[in-house]
Amino acid sequence: PKIGSKGAGVANHTLATQAGMRILHRGGNAVDAACTVGFVLAVTSSSNGNIGGGGFMVIRFPNGQSTAIDFREKAPLASDAKMWLDENGEYSSDIHHRSHKAVGVPGTVAGFDKAHRLYGAAAWADLVQPAIDLAGEGFELSESLAGSIERFASRSPYEATVSVFSKGGTPYQIGESWSQPDLARSLERIRDDRRDGFYRGETASLIAEEMRRGG
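Remember, it's a predicted structure, so these values are computed and weren't measured experimentally.

Asks: For this particular structure, what's the right way to read the packing of helix 2 (residues 30-44) against helix 4 (residues 108-119)?
Replies: Between two packed helices, the angle of one axis relative to the other and the distance separating the axes together describe the packing. Across the interface, helix 2 lies against helix 4 with an axial gap of 9 Å and an inter-helix angle of 160 degrees. When the axes of helix 2 and helix 4 are compared, the pair comes out roughly antiparallel. Relative to helix 4, helix 2 is oriented so that their crossing is left-handed. Every residue of helix 4 that contacts helix 2 at Val31, Asp32, Cys35, Gly38 and Phe39 is listed here: Phe112, Ala115, His116 and Tyr119.

Dropping the structure here:
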């Protein structure tokens, strides 16, 4: 911990907190720092922050006024009331929680983009680059994160998930370096084209193709 009077930052991963504080030190404001922390958490703590999810941002201004941005995931437009039923017309927990139909349209990138356009001060690329660097170069796994991704990979039926969160099925160990080159490339497209780098173009096409494959 460090003591100061002009700002504070906290996240559930040290690297995310450090990235947010660096933005503040360079003249960015709290919205810039929050977006930076969110992007870094997408790399260092994907169960708590990720570009495939959504959330809320509550902002309080120096004059005491406040606002909020809602960027939670939304149901796809093709959703219907019977999408969780199995072939017998019965509710299926597996379909609801462990199938492609369980996926909502992510809101995180759109939310950060809107927050930055309305209230940010730093350059957009500066908010995304720390996450790109960590995803591409890798970072040291803590005990909790190594255990978390091992549990995640061990129960996933998807080959791509296992390949990202393990070494060919072998769990990562505490202290090993973990890199995510595919995520780095996705973040680069967001850095270069803001929200269009996620909801249009290559990333969007890859997501749409996978959703079609999954029915």
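Alright, that's what it looks like, and here's the rest.
Asks: Explain helix 1 (residues 14-25) to me, please; I cannot follow it from the model alone.
Replies: Side chains that are three or four residues apart share a direction in an α-helix, a result of its 3.6 residues per turn. Between its first and last C-alpha, helix 1 extends 16 Å over 12 residues, near the 16 Å set by a 1.5 Å rise per residue. Looking at helix 1, one finds that the buried residues are Ala16, Thr17, Ala19, Gly20 and Ile23. In a view along the axis of helix 1, the buried residues occupy a sector of 165 degrees, so they form one face of it. Set apart from the buried face of helix 1 by more than 90 degrees, the exposed residues are Thr14 and His25. Directly after helix 1, the chain includes Gly27, whose backbone phi takes a positive value near 105 degrees.

Asks: What is the right way to look at the environment of Phe139 in this model?
Replies: As for its position among the elements, Phe139 is in strand 3 (residues 139-140). Once the C-alpha coordinates of Phe139 and Glu202 are considered, the two residues, 63 residues apart in sequence, prove to be 26 Å apart. Sequence-distant contacts of Phe139, that is, excluding residues within four places in its chain, are made with His13, Leu15, Val43, Thr44, Leu134, Leu145, Glu176, Ser177, Trp178 and Gln180.

Asks: Honestly, the nonpolar core in this entry has me stumped. Any pointers?
Replies: It is characteristic of soluble globular proteins that their nonpolar side chains tend to be buried jointly. With 41 residues, the main nonpolar core has Phe39, Ile51 and Leu187 as its most contacted residues. Looking at this core, the element that brings in the most residues is helix 2, giving 8 residues. In this structure Ile51 touches Phe39, Ala42, Pro106, Thr108, Val109, Leu183, Ser186, Leu187, Ile190 and Phe198, once residues within four positions along its chain are discounted.

Asks: Sorry if this is basic, but what is going on with the pattern of salt bridges here?
Replies: Taken as a whole, this structure holds 10 salt bridges when the rule is applied. Close ionic contact of Arg213 with Glu210 constitutes a salt bridge, the shortest N to O distance being 2.7 Å. In this pair, Arg213 and Glu210 both sit in helix 10 (residues 201-213), 3 residues apart, roughly one turn of the helix. Overall, Arg213 belongs to the exposed group, its relative accessible area being 61%. Owing to a relative accessible area of 31%, Glu210 belongs among the partly exposed residues under this scheme. Counted as one network, the salt bridges with shared partners bring together Asp113, Arg117 and Arg194.

Asks: So what exactly am I meant to see when it comes to the pairing of strand 2 (residues 66-70) here?
Replies: For a regular strand, side-chain orientation follows a simple rule: the groups alternate between the two sheet faces. Of the strand pairs in this sheet, strand 1 (residues 56-60) and strand 2 are connected by 5 bridges, and their pairing is antiparallel. Bridge pairing in strand 2 links Phe56 to Asp70. In textbook terms, the turn of a hairpin is the stretch between consecutive antiparallel strands, and for strand 1 and strand 2 this stretch comprises 5 residues, one of which, Gly64, has a positive phi near 95 degrees.

Asks: Which parts of the structure should I look at to understand the layout of surface pockets?
Replies: To find leftover empty space, one rolls a probe the size of a water molecule over the atoms. Empty space within the second largest pocket amounts to approximately 1100 Å³. Taken together, 38 residues line the second largest pocket, and the ones lying closest to its centre are Ala8, Gly9, Val10, Ala33 and Val37. The set of elements that each furnish at least two residues to the lining of the second largest pocket consists of helix 1, helix 2, strand 1 and helix 4. Counting residues per element, the lining of the second largest pocket draws most heavily on helix 2, at 7 residues. For the lining of the second largest pocket, the class distribution of residues is 18 nonpolar, 17 polar and 3 charged.

Asks: Help me out: how do you make sense of the packing of helix 5 (residues 124-137) against helix 8 (residues 181-193) in this one?
Replies: Relative to each other, helix 5 and helix 8 sit at 170 degrees, their axes nearing to 8 Å. Viewed along their axes, helix 5 and helix 8 adopt a mutual orientation that is roughly antiparallel. The residues of helix 8 that touch helix 5, namely those facing Trp124, Ala125, Val128, Gln129, Ala131, Ile132, Ala135 and Gly136, are Pro181, Leu183, Ala184, Leu187, Glu188, Ile190 and Arg191. Looking at side-chain class alone, the contact of helix 5 with helix 8 contains 11 nonpolar, 2 polar and 2 charged residues.

Conventions used here
- Residues numbered from 1 in each chain as written.
- Predicted model: local features only at pLDDT ≥ 70, side-chain atom pairs only at ≥ 80, totals over all residues.
- Heavy atoms only, no water.
- Axes fitted to C-alpha atoms, helices over the stretch in contact; angles between N-to-C directions.
- Helix = DSSP H or I, 4+ residues; strand = E, 2+ residues; numbered from the N terminus.
- Parallel < 35°, antiparallel > 145°, perpendicular 65-115°, else oblique.
- Left-handed = near helix turned anticlockwise from the far one by under 90°.
- Contact = heavy atoms within 4.5 Å.
- Expected span 1.5 Å × (residues − 1).
- Buried < 20%, exposed > 50% of the residue type's maximum accessible area, 1.4 Å probe, protein only.
- Arc of directions from axis to C-beta.
- Core = buried A, V, L, I, M, F, W, Y, C linked by side-chain atoms within 4.5 Å.
- Salt bridge = Lys/Arg side-chain N within 4 Å of Asp/Glu carboxyl O.
- Pairing = 2+ DSSP bridges.
- 1 Å grid on protein atoms, 1.4 Å probe; cavity = no way out; pocket = protein on both sides within 12 Å on 5 of 7 lines; lining within 4 Å.
- Points joined across faces, edges and corners; volume = space filled by probe spheres on them.
- Nonpolar A, V, L, I, M, F, W, Y, C, P; charged D, E, K, R; others polar.

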